Amino acid sequence: MPRMETQQQVVTANGITQAIRVAGPADGVAVLLVHGNCSSAAFWEPLVRRLPETLRVVAPDLRGYGATQTAPVDASRGLTDFADDVAALLDEPSLFGEGARPVVVGHSLGAGVAMRLLADNPDRISGLLLAAPVSPYGFGATRDLAGTPTTPDLAGSGAGTASGDFTARLAAGDRSAEARTSPRSVLRAAYVADPSCLGDDEELLLDSVLSTATGTDNYPGDTVASPNWPGSAPGGRGVLNALARFRVAEELVAVTPKPPVTWIRGDADVIVSDTSLFDLAQLGALGVVPGWPGPQECPPQPMIGQTRAVLDRYAEAGGSYREVTLPGCGHSPHLERPAEFVAELLALAGVAPV
């Protein structure tokens with residue numbers, strides 16, 4: 001079978017210069033791929049090669065990633081800056097046909113962008129595939145299935161949770177594997193459950209990780225002091241603060257029309273989990289971060305439970321969703337279990353498997 005190959009385009013949309021990988025015929029079934037944090041559209045390349053040539057695939061680099069302009073992220077808007085950028089692409093005639101309603105596939109942070117995109121543009125989306133999605137209540141500092149903040153200032157989430165060494169190595173373009181906090185080590189240990197799945201694409205994927213713009217306006221963002229454990233709270237700028245302040249649950253439940261949703265996750269995901277190793281409350285419970293005030297004051301965020309509760313409400317309100325849990329799979333199901341991922345995507349798009 002011939003393999004899909006992307007071509008890069010550059011457009012100006014929503015006031016910024018955006019780089020987009022495009023493949024397939026202009027009149028093909030439209031699929032919009034939205035990448036996650038510390039990556040870029042290149043993270044989708046191993047998947048795109050497996051897709052039928054009849055699809056029209058559009059994969060943008062989000063602001064501050066890949067070759068898209070390093071525009072600032074206003075964290076007070078949650079993930080809306082990203083979603084507005086992507087929404088502007090829907091009317092770009094070089095990318096989509098008039099009135100296109102793509103299936104939107106979002107990975108991790110990109111799944112949050114996809115949820116926000118649906119909430120703001122419900123008539124423009126035909127289906128939503130959420131791969132290892134951030135909770136509809138953001139990342140960190142919420143205590144229950146209703147997304148109740150653990151503290152009023154969301155202490156213990158946002159830019160203050162980032163590893164300073166990882167950020168410095170990102171900025172330096174470090175390609176080594178010796179340090180646990182090197183981008184290559186994080187790619188192997190956190191992005192996937194089994195690093196052998198990276199195969200010959202490891203350098204491509206590492207390039208994608210290293211394309212992340214660092215600083216207070218991008219990754220990770222700014223922090224403010226907090227009287228609550230662990231002493232810092234999210235500021236108003238940058239990516240991790242945008243994730244901390246992201247809220248879309250109520251709008252997602254209320255959206256009309258409601259396209260079908262497929263939720264794909266791995267049961268060995270260490271990033272998005274009810275026991276996430278990137279949640280300071282969970283690390284406090286494990287004794288890794290000192291001074292944790294205990295499960296009553298600061299429980300780990302039930303990320304999976306929150307997503308399921310919101311999607312259950314979405315279904316009760318007239319929508320539908322399918323949860324697919326992949327045993328032994330980590331944070332990147334499209335890389336780790338590509339055959340299952342492609343099958344779910346094609347089913348959602350109404351395209352016969354090849």
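Anything mentioned here points back to the structure above.
Here is what the cut-offs are and how they apply
Residues numbered from 1 in each chain as written. Predicted model: local features only at pLDDT ≥ 70, side-chain atom pairs only at ≥ 80, totals over all residues. Heavy atoms only, no water. Salt bridge = Lys/Arg side-chain N within 4 Å of Asp/Glu carboxyl O. Helix = DSSP H or I, 4+ residues; strand = E, 2+ residues; numbered from the N terminus. Buried < 20%, exposed > 50% of the residue type's maximum accessible area, 1.4 Å probe, protein only. Contact = heavy atoms within 4.5 Å. Pairing = 2+ DSSP bridges. Axes fitted to C-alpha atoms, helices over the stretch in contact; angles between N-to-C directions. Phe/Tyr/Trp six-rings, centres within 6.5 Å; stacked < 30°, edge-to-face > 60°. Lys NZ or Arg CZ within 6 Å of the ring centre and 35° of its normal. Lys, Arg positive; Asp, Glu negative; His and termini not counted. Polar contact = N/O pair within 3.5 Å; in protein donor to acceptor, adjacent residues only side chain to side chain.

### Structural notes on the pattern of salt bridges
If you walk through the whole model with that rule in mind, you get 22 salt bridges. One salt bridge connects arginine 21 with glutamate 45, and the closest N-O pair in it is separated by 3.0 Å. Note that arginine 21 is positioned in strand S2 (residues 16–23) and glutamate 45 in helix H1 (residues 45–48), a separation of 24 residues in sequence. Residues arginine 265 and glutamate 323 are paired through a salt bridge, measuring 3.1 Å at the closest nitrogen-oxygen approach. Residue arginine 265 is located in strand S11 (residues 261–266), and its partner glutamate 323 is located in strand S12 (residues 321–326); the two are separated by 58 residues in the primary sequence. Residue arginine 265 is classed as buried on the basis of its relative accessible area of 15%. Through salt bridges with shared partners, one network takes in Arg175, Arg184, Arg188, Glu202, Glu203 and Asp207.

### Concerning the environment of proline 133
Its location among the elements puts proline 133 in the loop between strand S6 (127–131) and helix H4 (164–172). Proline 133 gets classed as buried once you look at its relative accessible area, which sits at 3%. Those residues in contact with proline 133 that sit more than four places away from it in its chain are Ser108, Ala111, Met115, Trp263, Ile264, Val272 and Thr307.

### Quick word on the sheet that holds S12
Read from one edge of the open sheet, eight strands run S1-S2-S4-S3-S5-S6-S11-S12, paired in mixed fashion. In this open sheet, the two edge strands, each paired with only one partner strand, are strand S1 (7–13) and S12. Pairs of neighbouring strands in the sheet enclose a mean axial angle of 20 degrees, with direction left out of account. As paired elements, strand S3 (residues 29–34) and strand S5 (residues 103–107) share four bridges and run parallel to each other. Opposite leucine 32, over in S5, you have valine 104 as the bridge partner.

### Details of the packing of aromatic side chains
One pass over the full model with this rule turns up three aromatic pairs. Judged by centre distance (6.5 Å) and plane angle (45 degrees), the ring pair of tyrosine 65 and phenylalanine 82 falls under tilted. On the criterion of sequence distance, the pair formed by tyrosine 65 in the loop between strand S4 (55–60) and helix H2 (80–89) and phenylalanine 82 in helix H2 is long-range, its members being 17 residues apart. Residue phenylalanine 82 is classed as buried on the basis of its relative accessible area of 0%. Taking the ring centre of tyrosine 314 as reference, the NZ or CZ of lysine 258 above it sits at 5.8 Å.

### Re the side chain of lysine 258
Inspection of the secondary structure assignment puts lysine 258 in the loop between helix H8 (249–254) and S11. Although lysine 258 lies buried, it forms no salt bridge, and the closest oppositely charged side chain, glutamate 250, sits 11 Å away as judged by the N-O distance. A polar side-chain atom of lysine 258 sits 2.7 Å from the main-chain carbonyl oxygen of valine 255. If we skip the residues at most four places from it in the chain, lysine 258 touches Leu252, Val253, Tyr314, Ala317, Gly318 and Gly319.

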